[in-house]
Amino acid sequence: HGTVVLAATPIGNVADASARLMALMERADIVAAEDTRRLYDLARRLGVHVNGRVVAFHDHNERAKADGLLDEVETGACVLVVSDAGMPTINDPGLSIVRRAIERGLPVTCAPGPSAVLDALALSGLPTDRFCYEGFLPRKHSERVQRLRSLQSERRTIVFYETPHRIADSMDDLLSAFGPDRRMALARELTKDYEEVRRGTIAEILDGVAADPPRGEIVLVIAGASEDEARENSAATLSVGELAVL
Ligand code: SAM
């Protein structure tokens, strides 16, 4: 058997590429890349040569392609899976090949590295002992409000991915769901030249977003509910539920 290797790629600073990633890029028999041009661009910047076959492996074809790639693993190939940035499978392609490899009893391993979730969490200054990752909030306002409502009593630190064109709307919805005083951090352009982390209450960060709209890639980290808040919020949810029953 060969093996499937998921590998994290830099989220901005190319020097974050691990020695293992570079060796894999040179030695893998097949590189399954979310965007093949970005893979070659990374290779050029790292000064490594991709010797294996390169195939496009993205959200729209990964299910269809996973089994074909695993057939090659079965006959001895090393298949490297990379996304455009950060850890594959984290809001990026990769999960379908992991699942199928497990189902088929084929080896799968990971060359870990940069991921915006942990970078932002560690820099937020908020508790890291228990956290949950919520990916991107839904685009539709009503769904976003509902998602945030379901998190009102969450005690763990919450991490969201966000984009510059939705940040203002999301901040309004965060304020409605969690109130003005909850602590949070807005991290953007992590590992890049214009890396910035804004820390404060939701109200303060919202004001800052209006005054100086953040550009680039963004991660939001929100403190979990205090014991009192969690109790109040679940009591509020309960009474709505009770009303529904009546
Ligand atoms: N797989 C990636 C990872 O492990 O972080 C995430 C891919 S997801 C499609 C892209 C989102 O990740 C961006 O919209 C942003 O929320 C976050 N992100 C990626 N790179 C970032 C960076 N350098 N600074 C801040 N956020 C980043």
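From a predicted model like this one, the values you see are computed outputs, not experimental measurements. (Residues numbered from 1 in each chain as written. Predicted model: local features only at pLDDT ≥ 70, side-chain atom pairs only at ≥ 80, totals over all residues.)

Here's the deal with the confidence of the model for the protein
Turning to step 1, where the next piece is worked out: Chain-level statistics for the protein give a pLDDT mean of 95 and a share of 96% at 70 or above.
Turning to step 2, where the next piece is worked out: As scored by the predictor, the complex reaches a pTM of 0.95 and an ipTM of 0.99. (pLDDT = per-residue confidence, 0-100.)

Looking at the environment of Thr 75
Turning to step 1, where the next piece is worked out: Looking at where Thr 75 falls in the secondary structure, it is placed in the loop between α3 (62-74) and β4 (78-82).
Turning to step 2, where the next piece is worked out: We classify Thr 75 as exposed; it has 9 C-beta atoms within 10 Å.
Turning to step 3, where the next piece is worked out: Here the alpha-carbon distance between Thr 75 and His 1, two residues 74 residues apart in the chain, equals 5.9 Å. (Helix = DSSP H or I, 4+ residues; strand = E, 2+ residues; numbered from the N terminus. Buried ≥ 20, exposed ≤ 12 C-beta atoms within 10 Å, placed from the backbone.)

Looking at unusual backbone geometry
Turning to step 1, where the next piece is worked out: For Thr 89, which is not a glycine, the phi torsion comes out positive at approximately 80°.
Turning to step 2, where the next piece is worked out: Mapped onto the fold, Thr 89 is located in the loop between β4 and α4 (95-104).
Turning to step 3, where the next piece is worked out: One non-glycine residue, Asn 91, lies in positive phi territory at about 50°.
Turning to step 4, where the next piece is worked out: Mapped onto the fold, Asn 91 is located in the loop between β4 and α4.
Turning to step 5, where the next piece is worked out: The exposure class of Asn 91 is partly exposed, given the 15 C-beta atoms found within 10 Å.

Side note on the sheet that holds strand β6 (residues 131-136)
Think of a sheet as strands paired side by side through backbone hydrogen bonds, with each pair either parallel or antiparallel.
Turning to step 1, where the next piece is worked out: Read from one edge of the open sheet, five strands run β6-β7-β10-β8-β9, paired in mixed fashion. Bordering the open sheet on either side are β6 and β9 (196-201), each of which pairs with just one other strand. Across the sheet, the mean angle separating the axes of adjacent strands is 15° when strand polarity is ignored.
Turning to step 2, where the next piece is worked out: Bridging between β6 and strand β7 (residues 157-162) involves four bridges; their strand directions are parallel. If you follow Tyr 133 over to β7, its bridge partner there is Val 159. (Pairing = 2+ DSSP bridges. Axes fitted to C-alpha atoms, helices over the stretch in contact; angles between N-to-C directions.)

Looking at the site of the ligand
Turning to step 1, where the next piece is worked out: Taken together, 24 residues lie near the ligand, and Gly 86, Ser 115, Ala 116, Tyr 161 and Leu 190 sit nearest.
Turning to step 2, where the next piece is worked out: When residues of the shell around the ligand are traced back to their parent elements, those giving at least two are α5 (116-124), β7, β8 (183-188) and β10 (218-222).
Turning to step 3, where the next piece is worked out: Partitioned by chemical class, the residues of the shell around the ligand number eleven nonpolar, seven polar and six charged. (Near = placed C-beta within 6 Å. Nonpolar A, V, L, I, M, F, W, Y, C, P; charged D, E, K, R; others polar.)

Thoughts on the pairing of strand β1 (residues 3-7)
Turning to step 1, where the next piece is worked out: Counting buried positions along β1 yields four of five residues, so the element is predominantly enclosed.
Turning to step 2, where the next piece is worked out: Where β1 lies against β4, four bridges are found, and the strand directions are parallel. Across the sheet, Val 4 pairs through a bridge with Val 79, a residue of β4.

Thoughts on the packing of helix α6 (residues 141-149) against helix α7 (residues 167-178)
Turning to step 1, where the next piece is worked out: Where α6 contacts α7, the two axes come as close as 9 Å, and the packing angle between them is 40°. Helix-helix and strand crossings are classified by hand; for α6 and α7 the assignment is right-handed. Along its contact with α6, which presents Arg 144, Val 145, Leu 148 and Arg 149, the element α7 presents Asp 173, Leu 174 and Ala 177.
Turning to step 2, where the next piece is worked out: Counted by class, the contact of α6 with α7 contains four nonpolar, no polar and three charged residues. (Left-handed = near helix turned anticlockwise from the far one by under 90°. Contact = placed C-beta atoms within 7 Å.)

Considerations on the environment of Pro 214
Turning to step 1, where the next piece is worked out: Relative to the elements of secondary structure, Pro 214 occurs in the loop between α8 (202-211) and β10.
Turning to step 2, where the next piece is worked out: Between the alpha carbons of Pro 214 and Glu 189 there is a distance of 9.5 Å; along the sequence they are 25 residues apart.
Turning to step 3, where the next piece is worked out: Other than its neighbours up to four places away in sequence, Pro 214 contacts Pro 164, Ile 167, Leu 186, Arg 188 and Val 209.

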